[in-house]
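# A closer look at the structure
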Amino acid sequence: MKKQELIFIPGPGVGHLSSCLELAKLLLDHDDRLSITALVMNMPFTPPVSSYTRSITASQPRIKLVHLPEVDPPPSDLLRKSGEAYVCDFIESSTPQVRAAVTDIISSLSNSDVRVAGFVLDFFCVSMIDIANEFSLPPYIFIPSNAGFLGLTLYLLERHDEISEVMKMSDPDSLIPGIFNPVPARVLPDAVFNEDGGYDTYVKVARRFRDGKGIIVNTFAELEPFVLRSFADDHRIPPVYPVGPVLQLKGQPHPELNQDQVDRIMKWLDEQPQSSVVFLCFGSYGSFSLPQVKEIALGIEQSGFRFLWSVRFPLSTSSPFMNPEDALPEGFLERTEGRGIMCGWAPQVEVLAHRAVGGFVSHCGWNSILESLWYGVPIVTFPIYAEQQLNAFRMVKELGLSVELKLDYRQDGDLVSADEIAKSVTCAMESDSEVRKKVKEMSEKGRESVMDGGNSFTSITQLIEDIAGNS
Ligand code: UDP
């Protein structure tokens, strides 16, 4: 294989960017003839990515980052209507900047021994397939989520081509190919019920999946065998490459997290007995109403376990990390003193890796699920947004890898009681439970999958060979 350059187009925001760049690093580690240029979009309303991007280029010189010039953002009204529609609109408006950047890359390499071999596009960036086609380069799509989510979007497209109607909560259970159980509407992502652009965006994105040369998914064959097999049976779907778990084991940088905070948390964990602490953390955007924060506090207190709690409040309050004392039940801090600590943004990966952590109350974002599986920590499901309800449903009902707290929680109106929380936490913390055993087994399978000869390792090798074979 000659030296090859791939052009990565990550979605905006540090979450999508970091997943995409972890994939980039994985490909580069696999084959030293590859190099990668990633086009970085800076979207309004998202934290700056510069400290993260600096650390990436310092750690992997074969990744070059091109920061795209700013574009006029879509009207902010659209963000209120549908986050997905806003993001896709923003990405589409960056098309001329992407075209110009690609032209520059190709011309800068024209007299070298490096050939541009293809595009890897975050799934929100599928509109850039048109740019790949303009340059006659193969587009590969990257889904930082799981194969079940890909299955859902493809199912939605099929359904749309038959009945063209936004989904309703009252719809019957969906029979999604490869997903073992019929899926109740109440565990589907909010977007599929959204008439203001969310549903249309999902359908539009799913339609373009078929135009990809391949679809790369952050999962592994042992975790989602049935869904992955269902894709192989459908000739309209391009080859799917399960390459995960793609993890950011150094942790995700965040402006709210400093070294003092990390040291405080890790020192406290060091002092706790093995598997004695329950960790509560709800992703980049997970926050709760004040009544829900109170119930969570009472629930952990009632459970009697030690705890580390990353507390987040609604964006409508002055800061998502406002002083917790103002929201907690009276006397909570005194009663639980020495038994638990609270923090803002947590060093989640380090925490999950710590021997003191025995359970994880999680919003079931896919990265959090993969990280908890990697370290063999059972999850208690508390999904909040995006595809998290579906993840929670599958982790509990299909895979038996999590303890059910809620599968269908929605932020407006639902209140999970302290009793329910205490009961599920107690169940997850049991040392010899069936769920813990299964999680440990899956942890080993995930680790084996990315090792030389494992399924994901082989899939990455195949992907690189296929990209090289396109010329
Ligand atoms: N994360 C973290 N500290 C926090 C919250 C989140 O380090 O307090 C990290 C977490 O380890 C994971 C990512 O942020 O890698 C969240 O990704 P996920 O897919 O779980 O959820 P999202 O934030 O996309 O909803």
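Now for a description of the structure that goes with this document.

Rules behind the numbers
- Residues numbered from 1 in each chain as written.
- Predicted model: local features only at pLDDT ≥ 70, side-chain atom pairs only at ≥ 80, totals over all residues.
- Heavy atoms only, no water.
- Core = buried A, V, L, I, M, F, W, Y, C linked by side-chain atoms within 4.5 Å.
- Buried < 20%, exposed > 50% of the residue type's maximum accessible area, 1.4 Å probe, protein only.
- Helix = DSSP H or I, 4+ residues; strand = E, 2+ residues; numbered from the N terminus.
- Contact = heavy atoms within 4.5 Å.
- Near = heavy atom within 4 Å.
- Polar contact = N/O pair within 3.5 Å; in protein donor to acceptor, adjacent residues only side chain to side chain.
- Areas by Shrake-Rupley, 256 points an atom, 1.4 Å probe, with all protein chains shown as cover.
- Nonpolar A, V, L, I, M, F, W, Y, C, P; charged D, E, K, R; others polar.
- Disulfide = S-S within 2.5 Å.
- Phe/Tyr/Trp six-rings, centres within 6.5 Å; stacked < 30°, edge-to-face > 60°.
- Salt bridge = Lys/Arg side-chain N within 4 Å of Asp/Glu carboxyl O.
- Expected span 1.5 Å × (residues − 1).
- Pairing = 2+ DSSP bridges.
- Axes fitted to C-alpha atoms, helices over the stretch in contact; angles between N-to-C directions.
- Parallel < 35°, antiparallel > 145°, perpendicular 65-115°, else oblique.
- Left-handed = near helix turned anticlockwise from the far one by under 90°.

Counting residues in each nonpolar core, the largest one holds 132 residues, and the members touching the most others are Ile 9, Phe 209, Leu 269, Leu 308, Trp 309 and Phe 382. Broken down by element, the residue count for this core peaks at 8 residues, all from helix α7 (residues 147-163). Among residues more than four places away in sequence, those in contact with Leu 269 are Val 277, Leu 308, Val 351, His 354, Arg 355, Ala 356 and Val 357. Ranked by size, the runner-up nonpolar core spans 31 residues in total, among them Leu 27, Leu 34, Ile 63 and Val 120.

Taken together, 17 residues surround the ligand, and among them Ser 284, Ala 346, Ser 368, Glu 371 and Tyr 385 come closest. Contact distances for the ligand include 2.6 Å between a nitrogen atom and a backbone N or O atom of Ala 346. Gln 348 is positioned such that a nitrogen or oxygen atom in its side chain is 3.2 Å from an oxygen atom of the ligand. Relative to its unbound accessible surface of 530 Å², the ligand loses 90% to contact with the protein. Considering every element that reaches the shell around the ligand, the biggest residue donor is helix α14 (residues 366-374), with 4 residues. Taken together, the residues of the shell around the ligand break down into 5 nonpolar, 10 polar and 2 charged.

Looking now at the environment of Arg 436. Here Arg 436 lies in helix α17 (residues 434-449). A sequence separation of 78 residues divides Arg 436 from Gly 358, and the C-alpha atoms of the two residues are 9.3 Å apart. Apart from residues no more than four positions distant in its own chain, Arg 436 is found in contact with Gly 358, Pro 378, Ala 428, Met 429, Glu 430 and Ser 431.

This part takes up the state of the cysteines. Linking two cysteines covalently through their sulfur atoms gives a disulfide. Evaluated as defined, the whole model comprises 0 disulfides. Not part of a disulfide, Cys 20 finds its nearest cysteine sulfur in Cys 125, a span of 7.4 Å. In this model Cys 88 remains outside any disulfide bridge; the closest cysteine sulfur is found in Cys 125, 8.0 Å from its own.

Turning to the packing of aromatic side chains, a few remarks are in order. Summed over all chains, the structure comprises 14 aromatic pairs. Ring geometry for Phe 282 against Phe 288: centres 4.7 Å apart, planes inclined by 90°, an arrangement best described as edge-to-face. The pair Phe 282 / Phe 288 is uniform in exposure class, with both members buried. Ring geometry for Trp 309 and Phe 332: centres 6.4 Å apart, planes at 85°, overall edge-to-face. Here the residue Trp 309 occupies a position in strand β9 (residues 306-310), and Phe 332 occupies one in helix α12 (residues 332-335), the gap between them amounting to 23 residues.

It is worth spelling out the pattern of salt bridges at this point. On inspection of all chains with the given rule, the structure shows 24 salt bridges. Put simply, Lys 25 and Glu 22 hold a salt bridge, and the shortest N to O gap is 3.2 Å. Residue Lys 25 and its partner Glu 22 are both found in helix α1 (residues 14-30); the two are separated by 3 residues, about one turn of the helix. Take Glu 22: its relative accessible area is 12%, and that puts it in the buried class.

Before going further, it helps to examine α1. The end-to-end C-alpha separation of α1 is 24 Å, in line with the 24 Å expected for 17 residues at 1.5 Å each. Burial analysis of α1 places 12 of its 17 residues in the buried class, which makes it a mostly covered element. Among the residues of α1, those classed as buried are Val 14, Leu 17, Ser 18, Ser 19, Cys 20, Leu 21, Glu 22, Leu 23, Ala 24, Lys 25, Leu 27 and Leu 28.

What follows concerns the sheet that holds β9. Read from one edge of the open sheet, 6 strands run β10-β9-β8-β11-β12-β13, paired in parallel fashion. Edge positions in the open sheet fall to β10 (340-343) and β13 (402-403), since each of these has one partner strand only. Of the pairings in the sheet, the one linking strand β11 (residues 357-362) to strand β12 (residues 379-381) comprises 3 bridges and is parallel in character. Within β12, the position partnered with Val 361 by the bridge is Val 380. Relative to β10, helix α10 (residues 259-270) is tilted by about 160°, and along the sheet it contacts β8 (277-281), β9, β10 and β11.

It is worth spelling out the packing of helix α4 (residues 83-93) against helix α8 (residues 198-209) at this point. Where α4 meets α8, the closest approach of the two axes is 8 Å, and the angle between their N-to-C directions is 50°. Classed by the angle they form, the pair α4 and α8 counts as oblique. In the crossing of α4 with α8, the sense of the turn from one axis to the other is left-handed. For the pair α4 and α8, contact is made by Glu 84, Ala 85, Cys 88 and Glu 92 and by Thr 201, Tyr 202, Lys 204 and Val 205, respectively. Here the contact of α4 with α8 is composed, by residue class, of 4 nonpolar, 1 polar and 3 charged.

The next subject is unusual backbone geometry. In the segment running from Gly 244 into Pro 245, the intervening peptide bond is cis, with an omega of 0°. Mapped onto the secondary structure, Pro 245 falls in the loop between β7 (240-242) and α10. Backbone geometry places Ser 164, a non-glycine residue, at a positive phi of 45°. With respect to the secondary-structure elements, Ser 164 resides in the loop between α7 and α8. The backbone phi angle of Ala 386 is positive, close to 50°, even though this residue is not glycine. The topology assignment puts Ala 386 in the loop between β12 and α15 (388-398). Classification of Ala 386 by relative accessible area gives partly exposed; the value is 30%.

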